[in-house]
Amino acid sequence: MASWLPETLFEIVGQGPAPSKDYYQLLVTRSQVTFRWWKISLRSEYRSTKPGETKETHEDFLENSHLQVQIALIFGARILDYVFNLCEGKFDFLERLSDDLLLSILSYLDLEDIARLSQTSRRFAKLCTSGKLWEQIVQSACDHITPDMRALAQDMGWRQMFFTSKLQLQRHLRKRIQQQGSQRSSEL
């Protein structure tokens, strides 16, 4: 399964904690962790400082507490934990799937499961409430979607449309059709 992974597993860049202006890059590939830094300073003693780089295999990184502390200080404990997991071979394959593919998968879930999944991460919360997902759900629940229904869904949202009763939807559609009819007659 690891052979399906791209060469670059993770990359992040950032500036050191204030008052530092130093610039850092962390790159995790399939085989190593690369940490690069650039000193940015107006002080004459640091002007000739060249950029630096540390490369470690995954196994060596797991034992290099000095490098781990630097990464935690610059990028935070969450990033350090994520890099640790990558180095230990714990890949989050769901995180690597495209949004379109995930939306297609999510459309087959029960509503309860969608609600639970939306609570697991920001990405899934966004996907589980997206109009694209609810459009797919409405289309699978309905035999036929008329152009008026599609226009109504664009106005009220596909999710809201799904949870609206049929009677209320019929009222909304009738009201919409009447408004369009009165607009046409006033234009003539």
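That block above? That's the structure.
Here the residue index of a chain counts from 1 through its sequence in written order. Whole-chain, interface and lining totals are the exception, using all residues; otherwise, since this is a predicted model, local features are given only for residues with pLDDT of at least 70 and side-chain atom pairs are given and counted only at 80 or more. Computation of side-chain values: all heavy atoms of the structure, hydrogens and water removed.

## Brief notes about the overall build of the chain
Argument step 1. Elements are defined by DSSP. Helices are runs of H or I of four residues or more, strands are runs of E of two residues or more, and each kind is numbered from the N terminus. Secondary structure summary: the chain contains eleven helices and four strands in total.
Argument step 2. In terms of overall size, the chain is more extended than a compact globule, its C-alpha atoms giving a radius of gyration of 26 Å where 188 residues would be expected to give roughly 16 Å.
Argument step 3. C-alpha extents for the chain along the principal axes are approximately 80 × 40 × 25 Å.
Argument step 4. Each residue is placed in one exposure class: buried if its accessible area under a 1.4 Å probe, protein chains only, is under 20% of its type's maximum, exposed if it is over 50%, and partly exposed if it falls in between. Within the chain, the fraction of its 188 residues that count as buried is 28%.
Argument step 5. In this analysis, two residues are considered to be in contact whenever any of their non-hydrogen atoms come within 4.5 Å of each other. Sequence-distant contacts in the chain: of pairs separated by 6 or more residues, those separated by 24 or more amount to 42%.
Argument step 6. His is not counted, nor are the chain ends, whereas Lys and Arg count as positive and Asp and Glu as negative. For this purpose, a charge sits on NZ of Lys, CZ of Arg, CG of Asp or CD of Glu. The distance from the centre of the 24 positive side-chain charges to the centre of the 23 negative ones in the chain is 8 Å. Note on method: radius of gyration uses C-alpha positions; expected globular size equals 2.2 Å times residues raised to 0.38.

## So, the packing of aromatic side chains
The geometry of an aromatic ring pair comes down to the distance between the two centres and the angle between the two planes.
Argument step 1. Note on aromatic contacts: the rings of Phe and Tyr and the six-membered ring of Trp form a pair at centre separations within 6.5 Å, being stacked when their planes are under 30 degrees apart, edge-to-face when over 60 apart, and tilted otherwise. Applying the stated criterion across every chain, the model contains eight aromatic pairs.
Argument step 2. With 5.1 Å between their ring centres and 70° between their planes, phenylalanine 10 and tyrosine 82 make a pair best called edge-to-face. One end of the pair, phenylalanine 10, is in strand E1 (residues 8–15); the other, tyrosine 82, is in helix H3 (residues 77–87), with 72 residues separating them in the sequence.
Argument step 3. Under the relative-accessibility criterion, tyrosine 82 is labelled partly exposed at 28%.
Argument step 4. Cluster of aromatic residues (ring-pair linked, three or more members): Tyr24, Phe35 and Trp37.

## Description of the state of the cysteines
Argument step 1. Pairs of cysteine sulfur atoms within 2.5 Å are what we label disulfides. Evaluation of the coordinates by the stated rule reveals zero disulfides.
Argument step 2. The structure places no disulfide on cysteine 128, whose sulfur is separated from the nearest cysteine sulfur, that of cysteine 142, by 20 Å.
Argument step 3. A residue is classified by how much of its surface remains accessible, and cysteine 128, at 3% relative accessible area, is buried.
Argument step 4. We classify cysteine 142 as partly exposed; its relative accessible area is 29%.

## A word on helix H8 (residues 131–141)
Argument step 1. Where H8 is concerned, the buried positions are Leu133, Trp134, Ile137 and Val138. Down the axis of H8, the buried set is contained in an arc of 130°. They therefore lie on one face. Looking at H8, the residues exposed on the side facing more than 90 degrees away from the buried face are Lys132 and Ser140.
Argument step 2. Structurally, H8 contributes buried residues whose contacts are with helix H5 (99–106), helix H6 (111–117), helix H7 (122–128) and helix H10 (158–163). The directions from the helix axis to the C-beta atoms are what the arc is built from.

## A short note on the pairing of strand E3 (residues 32–38)
Argument step 1. In terms of strand pairing, strand E2 (residues 23–29) meets E3 through six bridges, oriented antiparallel. By the bridge assignment, leucine 27 is partnered in E3 with threonine 34.
Argument step 2. Taking the residues that link successive antiparallel strands as the turn, the E2-E3 hairpin has two residues.
Argument step 3. With six bridges joining them, E3 and strand E4 (residues 52–57) adopt antiparallel strand pairing. One requirement defines pairing of two strands: DSSP has to find at least two bridges between them.

## Looking at the nonpolar core
Nonpolar side chains tend toward joint burial in soluble globular proteins.
Argument step 1. In plain words, nonpolar cores are sets of buried Ala, Val, Leu, Ile, Met, Phe, Trp, Tyr and Cys residues tied together by side-chain atoms within 4.5 Å. In this structure, Leu106, Ile114, Leu127, Leu133, Trp134, Trp158 and Met161 are the most contacted members of the largest nonpolar core, which totals 20 residues.
Argument step 2. Looking at which element gives the most residues to this core, the answer is H8, with four residues.
Argument step 3. If sequence neighbours within four positions are ignored, leucine 127 has contacts with Asp99, Leu102, Leu103, Leu106 and Leu133.

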